[in-house]
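Breakdown of the fold
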Amino acid sequence: DAEITQSPRHKITETGRQVTLACHQTWNHNNMFWYRQDLGHGLRLIHYSYGVQDTNKGEVSDGYSVSRSNTEDLPLTLESAASSQTSVYFCASSESGMDTQYFGPGTRLTVL
Amino acid sequence: GDSVTQMEGPVTLSEEAFLTINCTYTATGYPSLFWYVQYPGEGLQLLLKATKADDKGSNKGFEATYRKETTSFHLEKGSVQVSDSAVYFCALRHSGGGADGLTFGKGTHLIIQP
């Protein structure tokens, strides 16, 4: 069955380190998204991509970057991790022209 | 910009009680509206959706009707079960095509007691 996976599921890192969170989908969806989930804020969009070589900033993109070299993967990089980036991160994907998004299981990131 | 407002809870009910979780939105045009559910330790799952005014989305006994006149999309279920305990998110996607992300409410934590 097609699915969307994220790794690692849990990560502890130190302030200032570079961290990359992986997202892999086998739906063959063109659209992919990264959100962060914080108590009292719901989910907020970080970056999104329409397809290979395309990336766009979302509501809370500062301190994050993404790259899209193939259809299946959209890794999220924190260039220099900060304590304010402690959060749960969700990846999602959708078909072109369709508005239903399918979510991965999430990565819990703690920045000490 | 677009926004979604929903009751945050926690909402605590007894099994077999009637459930309503209110959701109102602010958006230009005609957004698509969604309810997602998150069970403990898991990602979000689509529960139901509606794409135009007066549409009713339904799934697993849950229903919500797209009310443009009141900009609302309230979630209802006639008889809740302990297994419905979860966090429920109302969301919208702005109309106009493209791959824009969803705008979420803050989530409502629902607790069903046996």
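The structure this text deals with has already been given above.
These notes cover the structure that comes with them. None of the values given here were measured: they were computed from a predicted structure.

Considerations on the interface of chain A and chain B
Contacts between the two partners involve 19 residues from chain A and, on the opposite side, 21 residues from chain B. Counting each side, the surface lost to burial between chain A and chain B is near 1,600 Å², with a carbon and sulfur contribution of 54%. When the buried surface of chain A facing chain B is broken down by residue, Leu43, Asp99 and Phe103 of chain A rank first, second and third, together holding 33% of it. At the junction of chain A with chain B, the criterion picks out 5 residue pairs in polar contact (both at pLDDT 80 or more). Elements represented by at least two residues in the side of chain A that touches chain B include exactly strand 4 (31-38) and strand 5 (42-49) of chain A. The residue makeup of the side of chain A that touches chain B, split by class, is 9 nonpolar, 8 polar and 2 charged.

Some details on the nonpolar core
Grouped together as the largest cluster of nonpolar side chains are 26 residues, with contacts concentrated most on Trp35, Leu47, Leu48, Phe73, Leu75 and Tyr88 of chain B. Of all the elements in the fold, those that place two or more residues in this core are strand 2 (11-14), strand 3 (19-21), strand 4 (23-26), strand 5 (32-38), strand 6 (44-50), strand 8 (62-65), strand 10 (86-93) and strand 12 (108-113) of chain B. For this core, the element with the highest residue contribution is strand 10 of chain B, accounting for 4 residues. Among the nonpolar cores identified, the runner-up in size contains 18 residues, and Trp34, Val60, Tyr89 and Cys91 of chain A belong to it.

So, the pattern of salt bridges
Overall, the coordinates contain 6 salt bridges over all chains when judged by the stated rule. Put simply, Lys52 of chain B and Asp55 of chain B hold a salt bridge, and the shortest N to O gap is 3.4 Å. For Asp55 of chain B, a relative accessible area of 21% puts it in the partly exposed group. Note that Asp84 of chain B is salt-bridged to Lys77 of chain B, the shortest N-O span being 2.8 Å. The same class applies to Asp84 of chain B and to Lys77 of chain B, which are both buried. Linked by salt bridges that have partners in common, Arg36, Asp38 and Arg44 of chain A make up one network.

Things to note about the layout of surface pockets
Space inside the largest pocket adds up to approximately 570 Å³. Around the largest pocket, the lining is made up of 28 residues, and of these Gln37 and Leu39 of chain A together with Gln38, Val87 and Phe89 of chain B lie nearest the centre. If you list the elements that add at least two residues to the lining of the largest pocket, you get strand 4, strand 9 (87-94) and strand 11 (107-111) of chain A together with strand 10 and strand 12 of chain B. Here the residues of the lining of the largest pocket are counted per class, giving 10 nonpolar, 12 polar and 6 charged. What the second largest pocket holds in volume is close to 380 Å³. Lining of the second largest pocket is provided by 21 residues; of these, Glu59 of chain A together with Asp2, Leu102, Thr103 and Phe104 of chain B occupy positions nearest its centre. At 4 residues, the largest contribution of residues to the lining of the second largest pocket is made by strand 5 of chain A. Residues of the lining of the second largest pocket, tallied by class, amount to 7 nonpolar, 7 polar and 7 charged.

Criteria and thresholds
Residues numbered from 1 in each chain as written. Chains lettered and ligands numbered in written order. Predicted model: local features only at pLDDT ≥ 70, side-chain atom pairs only at ≥ 80, totals over all residues. Heavy atoms only, no water. Contact = heavy atoms within 4.5 Å. Buried area = accessible area lost by both parts, 1.4 Å probe. Polar contact = N/O pair within 3.5 Å; in protein donor to acceptor, adjacent residues only side chain to side chain. Helix = DSSP H or I, 4+ residues; strand = E, 2+ residues; numbered from the N terminus. Nonpolar A, V, L, I, M, F, W, Y, C, P; charged D, E, K, R; others polar. Core = buried A, V, L, I, M, F, W, Y, C linked by side-chain atoms within 4.5 Å. Buried < 20%, exposed > 50% of the residue type's maximum accessible area, 1.4 Å probe, protein only. Salt bridge = Lys/Arg side-chain N within 4 Å of Asp/Glu carboxyl O. 1 Å grid on protein atoms, 1.4 Å probe; cavity = no way out; pocket = protein on both sides within 12 Å on 5 of 7 lines; lining within 4 Å. Points joined across faces, edges and corners; volume = space filled by probe spheres on them.

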